[in-house]
Amino acid sequence: MRVIGFAVYYAGALACLLFVTVPVSLVLAGVSLVTGAVAVIVAAGLVLAGPGASLLTPDGARTGLPGRIAREFVRRDPAWPQYFAAQAILDAGATTGQAWAWTAGAWRAGVAWLADTNCGGFWWPIVVLPVLTVLAAGSLGAAVVLPACLLVIAALTLAAWIAGPPLVYLLRGADAGWRRMLRSRASCTACFATAAVPAYRCRGSHGPAQRSSGDDLHRDLRPGRLGVLWRRCSCGLRLPTMVLRAAHSRHLEACCPSCGEALFAGAGRVRDVRAPVFGAASAGKTQFIMAALVGLHRAADKAGVAVTMPDNRGRIAYEVYADLISRAAPAPKTDTTAPVAVTVRLEQGLNTTLLHLFDAAGETLTDREQNAGLSYLDTAETLTFVLDPFSIRRIRDEHGAASATVFTDANAALHDPEDAYNATAQRLQEYGVRTDRNRLAFVVTKADLLRRLPLTMPGDDSAAVRDWLRSYGLENLVVTAERDFRQVRFFLVSGRDTDPDGPVSVLRWVLMKGWGGIG
């Protein structure tokens, strides 16, 4: 009877296995296979849609984003990195980890359930095989779809890296080419630093701590791994890349990359002309600048050019200058503690230029230790040297006694003209400035007072002024200047003359491109 019982049991078990368990297992295998595949897709969706430990934040991108940071930008900007720059790799890893965790968890739960229900008994043909089939099929579905998902991520990432860099460098090239063509720079009149690329302060919702630490400052807004056409600031604002586009954004304020001070509107996008004026103390530098600015306003109005002072400091300075010129009053003594920087914006149609005039005290310029901090001298394409003719030794010796009243009115510079010139020229060369690529406006001022002396006046053209200087013993200075600079033009002007042929003619030559019609 026992043999018959075993036979009946095994026959029933085999029949149950063949006609119940196997069909059910096959159906469950198909469902589990799809479930495993869907689980991987769901895992990928959850990784993409939800934040987690694998999310590369702006803070994480500063230290965790591969690659070198350019020295002039100090550190990466507070912005979300481009997805394919690093986040795609993190998401691939997170998707793999999530799929593995779900699969391993399913196996642990299934095995534990079989152990708890003691399925090794009578019902094992009906229970064990379906459970193992479900686990195996689900794992197979996940194992098939997971590589496919990773392959898609890899293909998209590869395509982005193939197409991205050429587009990035194309946009950067267009941006840099435009700025080079216009000779555009970001000039700071607070610390005198210049940069090809301004920093931009985000006007989004940044807290006081971020404002004070500079975490609202984007130092390199060019296309790159933080964004090609746009970038997402840490505050959530979408910001345009490229200097040409950033200059028009209401969400950004151009700032100096060195000191963080606000720059003028259009900085880095419009033409930028830095015009340092140097010379001995009492040579007439400030008087020259006063007459040049007032004359520039008057000549520009007649030529249909809009001339504005873009900041309060410049507006106040111009009002003082215009008042002094109208009253024929002398220029105030230049402060020896800091140079005076006055900025003028000239606009006519699409042509816009920011002209920065820098005036430092003669004592500062002739002192080798003090002029070391005048970094604006290093980045100017055209410099202006103002020479007081009453400081020329021969003129002083021949006419000083007979025309003492004129010399008193002239308040002659005390420094020798060559010493005043060499102090700045040698400083430039010591700091590695290629003066042979720059231009020099050599200005002989106080022409109105010079005409009161019984001497032969030079003609109006550059060659005549040059020859006149040589005839009065300054041949060495003339030759030195022409050797140091690529181009030298000589002017004779009066610091009280606001006519087009006065100091404003020097500014026309300094401005050069596009503004020859002024005056």
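Residues numbered from 1 in each chain as written. Predicted model: local features only at pLDDT ≥ 70, side-chain atom pairs only at ≥ 80, totals over all residues. Heavy atoms only, no water.

Caption draft 1: Fine view of helix 15 (residues 475–484). Inspection of helix 15 places L477, V478, T480, A481 and D484 among the buried residues, and these make up the whole buried set. In an axial view of helix 15, the angular spread of the buried residues amounts to 165°, which keeps them on one side of the axis. (Buried < 20%, exposed > 50% of the residue type's maximum accessible area, 1.4 Å probe, protein only. Helix = DSSP H or I, 4+ residues; strand = E, 2+ residues; numbered from the N terminus. Arc of directions from axis to C-beta.)

Caption draft 2: Region of the structure containing the pairing of strand 14 (residues 439–444). Burial runs high along strand 14: six of the six residues are buried. Burial along strand 14 is two-sided: the face carrying R439, A441 and V443 and the face carrying L440, F442 and V444 are both buried. Two strands pair when backbone bridges link them, and strand 14 and strand 15 (residues 487–492) are joined in this way by six bridges, in the parallel orientation. Considered in strand 15, the bridge of F442 is made with F490. (Pairing = 2+ DSSP bridges.)

Caption draft 3: Representation of the pairing of strand 4 (residues 199–202). Of the two faces of strand 4, the one carrying A199 and R201 and the one carrying Y200 and C202 are both buried. Where strand 4 lies against strand 8 (residues 252–255), four bridges are found, and the strand directions are antiparallel. Looking at strand 8, one finds that A199 is bridged to C255.

Caption draft 4: Spatial organisation of the environment of F264. Note that F264 resides in the loop between strand 8 and strand 9 (271–279). If near-sequence neighbours (up to four positions away) are discounted, F264 is found in contact with T189, P310, D311, T343, R345, L354 and H356. (Contact = heavy atoms within 4.5 Å.)

Caption draft 5: Region of the structure containing the UniProt feature "transmembrane region" (unreviewed entry) in the protein chain. Sites flagged by UniProt as "transmembrane region" (unreviewed entry) map to residues 7–31, 37–56, 122–144 and 150–171. Here residues 150–171 runs as 100% helix and 0% strand, with 31 Å between its end C-alpha atoms. (UniProt positions renumbered as here; feature names shortened; annotations may be inferred.)

Caption draft 6: Region of interest: the pattern of salt bridges. For the coordinates displayed, the defined rule picks out 18 salt bridges. Across the pair E398 and R394 runs a salt bridge whose closest N-O atoms are separated by 2.9 Å. Taken together, the positions of E398 and R394, both in helix 10 (residues 393–399) and four residues apart, correspond to about one turn of that helix. Taking the relative accessible area as the measure of exposure, E398 reaches 42% and is therefore partly exposed. R470 is paired through a salt bridge with E475; the nearest N and O atoms lie 2.8 Å apart. Taking relative accessible area as the criterion, R470 reaches 31% and is therefore assigned partly exposed. By relative accessible area, which is 38% here, E475 ends up partly exposed. Three or more residues joined by partner-sharing salt bridges are found here, namely R201, R211 and D216. (Salt bridge = Lys/Arg side-chain N within 4 Å of Asp/Glu carboxyl O.)

Caption draft 7: Inspection of the packing of aromatic side chains at higher detail. Per the counting criterion, the structure on display carries eleven aromatic pairs. Taking 5.1 Å as the distance between ring centres and 70° as the angle between the ring planes, the aromatic pair formed by F192 and Y376 counts as edge-to-face. Here F192, found in the loop between strand 2 (186–187) and strand 3 (194–195), pairs with Y376, found in the loop between helix 9 (362–366) and strand 13 (382–387); they are 184 residues apart in sequence, far enough to count as distant. Both residues of the pair, F192 and Y376, count as buried. Ring centres of W468 and Y472 lie 4.9 Å apart, and the angle between their planes is 45°; on these two criteria the pair is classed as tilted. Three or more aromatic residues joined by ring pairs make a cluster, and in this case those are F278, F385, Y421, F442 and F490. The lysine or arginine in question, R394, covers the ring of Y472, its NZ or CZ lying 4.7 Å from the ring centre. Over the face of the ring belonging to Y431 we find R427, whose NZ or CZ atom lies 4.2 Å from the ring centre. (Phe/Tyr/Trp six-rings, centres within 6.5 Å; stacked < 30°, edge-to-face > 60°. Lys NZ or Arg CZ within 6 Å of the ring centre and 35° of its normal.)

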